[in-house]
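Below, each chain spelled out in residue letters.
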Amino acid sequence: SVPFLIRLFPSVLTKFVYLNFLAFPFFVDFRRPELLVNNTISLHLTTEPGVTVGIWHTVPGSRGAEAQGKDRRWYEEALADAHPVIIYLHGNGGTR
């Protein structure tokens, strides 16, 4: 019966493969990463018309003292300076 149900309801299979309905750790607001990770801010990038990707920008510990108390504009300017940027893609399960 499981193959029949998967064939009949493919969206259910997608939910179990990607687990995008789970937010772990539980009861954490991922829109406020500064409460979880130091020197981090939540941003959104528009990659193409109609597609927006949520990202976290974390500055390295060596710039941590400089980042204290800074606003969103400072973090956006930090992305444009000469320092290298490392992109971490977390995979297809869970949340950022």
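Residues numbered from 1 in each chain as written. Predicted model: local features only at pLDDT ≥ 70, side-chain atom pairs only at ≥ 80, totals over all residues. Heavy atoms only, no water.

**What to know about the side chain of Thr-40**
Piece 1. Counting through the fold element by element, Thr-40 comes out in strand 1 (residues 40-48).
Piece 2. Of the polar contacts made by the side chain of Thr-40, one reaches the backbone oxygen of Asn-38; its length is 3.1 Å.
Piece 3. Separated by 2.9 Å, the side chains of Thr-40 and Thr-58 make a polar contact.
Piece 4. Not counting the four nearest positions on each side in its chain, Thr-40 is found in contact with Pro-33, Glu-34, Trp-56, His-57, Thr-58 and Tyr-75. (Helix = DSSP H or I, 4+ residues; strand = E, 2+ residues; numbered from the N terminus. Polar contact = N/O pair within 3.5 Å; in protein donor to acceptor, adjacent residues only side chain to side chain. Contact = heavy atoms within 4.5 Å.)

**Points about unusual backbone geometry**
Piece 1. In this model, Asn-39 sits at a positive phi of 60°, which is unusual for a non-glycine residue.
Piece 2. With respect to the secondary-structure elements, Asn-39 resides in the loop between helix 2 (10-18) and strand 1.

**Here's the deal with the nonpolar core**
Piece 1. Formed by Ile-41, Leu-43, Val-59, Ala-67, Trp-74, Tyr-75 and Ala-78, the largest nonpolar core amounts to seven residues.
Piece 2. Of all the elements in the fold, those that place two or more residues in this core are strand 1 and helix 4 (72-80).
Piece 3. Discounting chain neighbours no more than four positions away, the residues touching Trp-74 are Val-59, Arg-63, Glu-66 and Ala-67. (Core = buried A, V, L, I, M, F, W, Y, C linked by side-chain atoms within 4.5 Å. Buried < 20%, exposed > 50% of the residue type's maximum accessible area, 1.4 Å probe, protein only.)

**Some remarks on the pairing of strand 2 (residues 51-58)**
Piece 1. Pairing of strand 1 with strand 2 involves eight bridges; the strand directions are antiparallel. Looking at the pairing, Leu-45 lines up with Val-53 of strand 2.
Piece 2. Counting the residues that bridge the hairpin from strand 1 to strand 2 gives two residues, and of these Gly-50 lies at a positive phi of roughly 85°. (Pairing = 2+ DSSP bridges.)

**Some words on the pattern of salt bridges**
Piece 1. Applying the stated criterion across every chain yields a total of four salt bridges.
Piece 2. For Arg-63, the salt bridge identified is with Asp-81, shortest N-O distance 3.0 Å. Of the two residues, Arg-63 sits in the loop between strand 2 and helix 3 (64-67) while Asp-81 sits in the segment after helix 4, which places them 18 residues apart along the sequence.
Piece 3. In this structure Arg-63 comes out as buried when scored by relative accessible area, which is 11%.
Piece 4. We note a salt bridge from Arg-72 to Glu-76, for which the minimum N-O separation is 3.2 Å. (Salt bridge = Lys/Arg side-chain N within 4 Å of Asp/Glu carboxyl O.)

None of this, on its own, says anything about what the molecule does.
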